[in-house]
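# Understanding the architecture of this molecule
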Amino acid sequence: MKIRNKTVVTMAALASSVALATMVAAPANAADTLPITFQADTTTIIAKTGQPVVFPTTDLVTDVDLVGGTVTGSLALPQASANLKLGPATLAKFTISIVDATPVSGTLVQGGPAEAPTLDLDVQQSFKIRIDSVKPLGIDTGSAGSASLDLIPAGANCVTAETTANLTGSLDAIDLIQNNQTDSHVKGTYTIPQFQNCGAFTSVLNAIIAGPGNTLDVHLTNPVFDVGTQSAIAAEVAR
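Residues numbered from 1 in each chain as written. Predicted model: local features only at pLDDT ≥ 70, side-chain atom pairs only at ≥ 80, totals over all residues. Heavy atoms only, no water.

## Here we look at unusual backbone geometry
Backbone phi values are negative for most residues with the exception of glycine, while trans is the configuration of most peptide bonds. Convention followed: Each helix corresponds to a stretch of at least 4 residues labelled H or I by DSSP, and each strand to a stretch of at least 2 residues labelled E; elements are numbered beginning at the N terminus.
Unlike most non-glycine residues, D100 shows phi in positive territory, near 50°. Note on placement: D100 falls in the loop between β6 (89-99) and β7 (104-111). Of note, the phi angle at N180 is positive, near 55°, even though the residue is not glycine.

Okay, structure coming up:
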């Protein structure tokens, strides 16, 4: 209980920028930021079809401003593939890319009761969505082993205008600082704007995919602090 109580005191101080800066900044000229890298597993669900698109695992690299209570970071999602459905029917396999993504930015503040403090995130990121290929199932235009028909013309830039996802979520402060662990979801919704330059099937893709109310879920695990911050936090919690 002594360690946990000490951690509660430490995390309560996280609401105070001066106390937090003192906790992690050893030299007087140390930067007032807390770098944390999370493993990020991201899923979006297309509202019109209920179709999930699961992106390969990547990293969310963040810097928390200890004075201003803000957070910035980068989340570069790899290309993802999924089935394109209309009702129960699977029409095609498609691949999408998230392009021209801005940095993740927003606020991080203390929440929850004193005995179970949380770090509450409210962040946003803007990006464009590009469809790289749409291959109807069961259609092949050449000999065995050749590529299937692609409804996206070669060289096309089948992309939307910029959209913004607003995401919120909470991290268990004690688990993060004391145990270097988290199992948290940052979730929100966004609109898929109309696609442009997709060839003859542009209107079909917009009818099936484009629209509001799409969900985005970023599952955060395996936080990694830089070595200096890790040592400073460990020393503070052990005192």
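## A word on the packing of aromatic side chains
Each aromatic ring pair is characterised by the separation of its centres together with the angle its planes make. Where we set the bar: Pairing of aromatic side chains requires ring centres within 6.5 Å, counting the rings of Phe and Tyr and the six-membered ring of Trp. Pairs whose planes differ by under 30 degrees are stacked, by over 60 edge-to-face, and all others tilted. The cut-offs for exposure are 20% and 50% of the maximum accessible area for each residue type, with area from a 1.4 Å probe on protein chains only; residues under the lower value are buried, those over the upper are exposed, and the others partly exposed.
Going through the model one piece at a time under the given rule, you end up with one aromatic pair. Seen in terms of ring centroids, F127 and Y190 are 5.6 Å apart; in terms of plane orientation they differ by 70°. Their pairing is edge-to-face. One end of the pair, F127, is in strand β8 (residues 118-136); the other, Y190, is in strand β10 (residues 183-192), and 63 residues separate them in sequence. Accessibility assignment for this pair places F127 and Y190 in one class, buried.

## Let's talk about the nonpolar core
Our working definition: The nonpolar core is taken to be a set of buried Ala, Val, Leu, Ile, Met, Phe, Trp, Tyr and Cys residues, with the residues joined through side-chain atoms within 4.5 Å.
Of all hydrophobic cores here, the largest spans 51 residues; its most connected members are I131, V134, L205, I209 and L220. No other element matches the seven residues that β8 contributes to this core.

## A short note on the state of the cysteines
Structurally, a disulfide amounts to a covalent bond that connects the sulfur atoms of two cysteines. Applied cut-off: Here, the term disulfide refers to a pair of cysteine sulfur atoms separated by no more than 2.5 Å.
Applying the stated rule across the entire model yields one disulfide. At a sulfur-sulfur separation of 1.9 Å, the disulfide partner of C158 is C198. Measuring handedness by torsion sign, the sulfur bridge of C158 and C198 sits at about 80° and is right-handed. Residue C158 is found in the loop between β8 and β9 (163-172), and its partner C198 is found in the loop between β10 and α4 (202-208); the two are separated by 40 residues along the sequence. Each member of the pair C158 and C198 is classed as buried.

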